[in-house]
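Here's the letter readout for the chains.
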Amino acid sequence: MIYRHDLAVFPRPTDTPGISWIDVSRIRQALGRHVTADVADLLDVAVAVYSADRSCQRDFRGSSTGRRSIAVELPLRNPDRWKAPGVMECLQEYLHWLSGDEWALGFSKSLSIPSEAESQPSLFTMRPGEPNYVALFSGGLDSLAGFACTAINAPSASHVLVSAYTNTRLLERQRKQIRQIRSELERRTHGAGASIWHVAVGFGLNRPDRRATEKSQRTRALVFLALGVAAAIQVESDTLRVYENGLGALNLPLNETQLGVDNYRGVHPRSLMLLEALLPKVLGAPVLLKNPFLFRTKAEMCRALPAAGLAGLIGDTVSSTASRFGFQVNRLSADFAPLAFSVDMRSVPQDQAYSIATALTGGTSGTTIWRSPRVSNTASLRC
């Protein structure tokens, strides 16, 4: 069966069922420059793919094993860029690796009037100083710890932290952390709080009838990365940083049956490599996608939090795991922050690891201890 979608992406939510949207104006407001047509096209493609992904529920019966065939038609401002030789192959390879599905995408010339984010300059033209670091900021523990590491190593830099949200609860958590980060930096060095720029962009799929949608959301990382790339281009940076520990980025299988579409590959090294190869073809300029912590554990990343004065924020982070069986969010207790910094779970026996996990999460049922079936004495706390 082929799922076919004739899509259009709107700048804000509407009452029309099935319409996807992304509030690009937030980028212009935060960074003071209008969004180019090529960047707007990239964001539309990302949200349209996400919308199609959410709208097609996987069927795990029979030989399909959850794989789908999805066809998307989308109007763009500069469709010729996406139709150029080699571009479609790059995009399809990336999406197939990301979601495990077969994708067919067609692009036509958009007849819509450019949005305010594309056509109107901002009233405020202040921009981050040099050097600047652009990074994704989810509100999770890895993004907080990654920022702490970067802030320690580059204390005089400006930091553009890019968040995406689909509900206001997550937005409030992200904003709370940003406020406290600014406050702590300002407490340490006068004026340092102003070096933090937060770009928070909402996006989603209208579901007024609350119809069931696909829960795996394998393509949501494309929206996050596209927003980060957009912010990097706005501040003329050639690098987007992704703060994710190595085990989280590789997302090794929890057991031998977890294959293909069961694996989330949003920030897997190959995912970043494939998207990085696509970007110059559709944007006209390269943007590097860099994970500085690919060879570090979560515990090693978290050791920077006390030194940066951000240990107290651990209780406000949210970390998530997703599977075809649902979506869980666990909260890490700040009372056990020192333990999180000092424990390298790879050296902890299985029985002790469960005790540590219970202490760190207050007994949260969503906690998982993973031990590799192929590598002895390897364990990781998934919170």
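Because the structure is predicted, anything quoted here is derived from the model rather than measured. (Residues numbered from 1 in each chain as written. Predicted model: local features only at pLDDT ≥ 70, side-chain atom pairs only at ≥ 80, totals over all residues. Heavy atoms only, no water.)

1. Comments concerning the packing of helix H2 (residues 37–55) against helix H10 (residues 269–283)
- Contact pair H2 / H10: the axes reach a minimum separation of 10 Å and the direction vectors enclose 135 degrees. It follows that H2 is oblique to H10 by the angle criterion. Residue-level contacts link Asp-38, Val-39 and Leu-42 of H2 to Leu-279, Val-282 and Leu-283 of H10.
- Broken down by class, the residue content of the contact of H2 with H10 amounts to five nonpolar, no polar and one charged. (Axes fitted to C-alpha atoms, helices over the stretch in contact; angles between N-to-C directions. Helix = DSSP H or I, 4+ residues; strand = E, 2+ residues; numbered from the N terminus. Parallel < 35°, antiparallel > 145°, perpendicular 65-115°, else oblique. Contact = heavy atoms within 4.5 Å. Nonpolar A, V, L, I, M, F, W, Y, C, P; charged D, E, K, R; others polar.)

2. What to know about helix H6 (residues 141–153)
- The end-to-end C-alpha distance of H6 is 19 Å, a good match for the 18 Å that 13 residues give at a rise of 1.5 Å each.
- Within H6, 11 of the 13 residues are buried, which leaves it mostly tucked inside the rest of the structure.
- Along H6, the positions that sit buried rather than exposed are Leu-141, Asp-142, Ser-143, Leu-144, Ala-145, Gly-146, Phe-147, Ala-148, Cys-149, Thr-150 and Ala-151. (Expected span 1.5 Å × (residues − 1). Buried < 20%, exposed > 50% of the residue type's maximum accessible area, 1.4 Å probe, protein only.)

3. What to know about the nonpolar core
- Counting 67 residues, the largest nonpolar core has Ile-27 and Trp-82 as its most contacted members.
- Per element, the largest residue contribution to this core is 11 residues, and it comes from H2.
- Ignoring anything within four residues of it in the chain, the contact list for Trp-82 reads Asp-41, Leu-42, Val-45, Leu-76, Val-87, Met-88, Leu-91, Phe-107, Leu-278 and Val-282.
- Ala-145, Leu-185, Tyr-243 and Met-301 belong to the second-largest nonpolar core, a separate cluster that totals 25 residues. (Core = buried A, V, L, I, M, F, W, Y, C linked by side-chain atoms within 4.5 Å.)

4. A closer look at unusual backbone geometry
- One non-glycine residue, Glu-236, lies in positive phi territory at about 60 degrees.
- The residue Glu-236 is located in the loop between helix H8 (220–234) and strand E9 (239–241) in this model.
- We classify Glu-236 as exposed; its relative accessible area is 57%.
- The phi dihedral of Asn-251 is positive, around 50 degrees, even though this residue is not glycine.
- Along the chain, Asn-251 turns up in the loop between helix H9 (246–250) and H10.
- Note on Asn-251: relative accessible area 10%, which makes it buried.

5. As for the pairing of strand E8 (residues 196–205)
- In terms of burial, E8 is largely enclosed, as 10 of its 10 residues are buried.
- Burial along E8 is two-sided: Ile-196, His-198, Ala-200, Gly-202 and Gly-204 facing one way and Trp-197, Val-199, Val-201, Phe-203 and Leu-205 facing the other are all buried.
- Relative to E8, strand E3 (residues 20–22) runs antiparallel, the two sharing three bridges. The residue bridging Ile-22 from the neighbouring strand is Phe-203, located in E8.
- Pairing of strand E7 (residues 158–165) with E8, which is carried by seven bridges, proceeds in the parallel orientation. By the bridge assignment for E8, Val-160 is matched with Trp-197.
- One crossover worth recording links E7 to the parallel E8 by way of helix H7 (residues 168–188), and it is right-handed. (Pairing = 2+ DSSP bridges. Right-handed = clockwise from strand over helix to strand, strands pointing away.)

6. Considerations on the pattern of salt bridges
- Across all of its chains, the model carries 16 salt bridges by this definition.
- For Arg-68, the salt bridge goes to Asp-101, with nearest N and O atoms at 2.7 Å. You can see Arg-68 sitting in the loop between H2 and strand E4 (69–76) and its partner Asp-101 sitting in the loop between helix H4 (87–99) and strand E5 (102–109), a full 33 residues away along the chain. Neither Arg-68 nor Asp-101 differs from the other in exposure class; each is buried.
- It is possible to trace a salt-bridge network through shared partners that takes in Asp-53, Arg-58, Arg-68, Asp-101 and Glu-214. (Salt bridge = Lys/Arg side-chain N within 4 Å of Asp/Glu carboxyl O.)

7. Re the packing of aromatic side chains
- Going through the model one piece at a time under the given rule, you end up with four aromatic pairs.
- Seen from their ring centres, Tyr-243 and Phe-293 are 5.6 Å apart, and the 65 degrees between their planes marks the pair as edge-to-face. Taken together, the residues span a long stretch of sequence, with Tyr-243 in the loop between E9 and H9 and Phe-293 in the loop between strand E10 (288–290) and helix H11 (298–302) at a distance of 50 residues.
- Take Tyr-243: its relative accessible area is 5%, and that puts it in the buried class.
- For Phe-293, a relative accessible area of 3% puts it in the buried group.
- The ring of Trp-97 carries the charged tip of Arg-265 above its face, separated from the ring centre by 3.9 Å. (Phe/Tyr/Trp six-rings, centres within 6.5 Å; stacked < 30°, edge-to-face > 60°. Lys NZ or Arg CZ within 6 Å of the ring centre and 35° of its normal.)

8. Re the confidence of the model for the protein chain
- Of the residues in the protein chain, 75% reach a pLDDT of 70 or more, and the chain-wide mean stands at 81.
- Confidence over residues 322–346 falls short of pLDDT 50; this stretch has 74 contacts with residues more than four positions distant or in other chains.
- Low pLDDT, under 50, characterises residues 350–383; the predicted model gives this stretch 66 contacts beyond four residues in sequence or across chains. (pLDDT = per-residue confidence, 0-100.)

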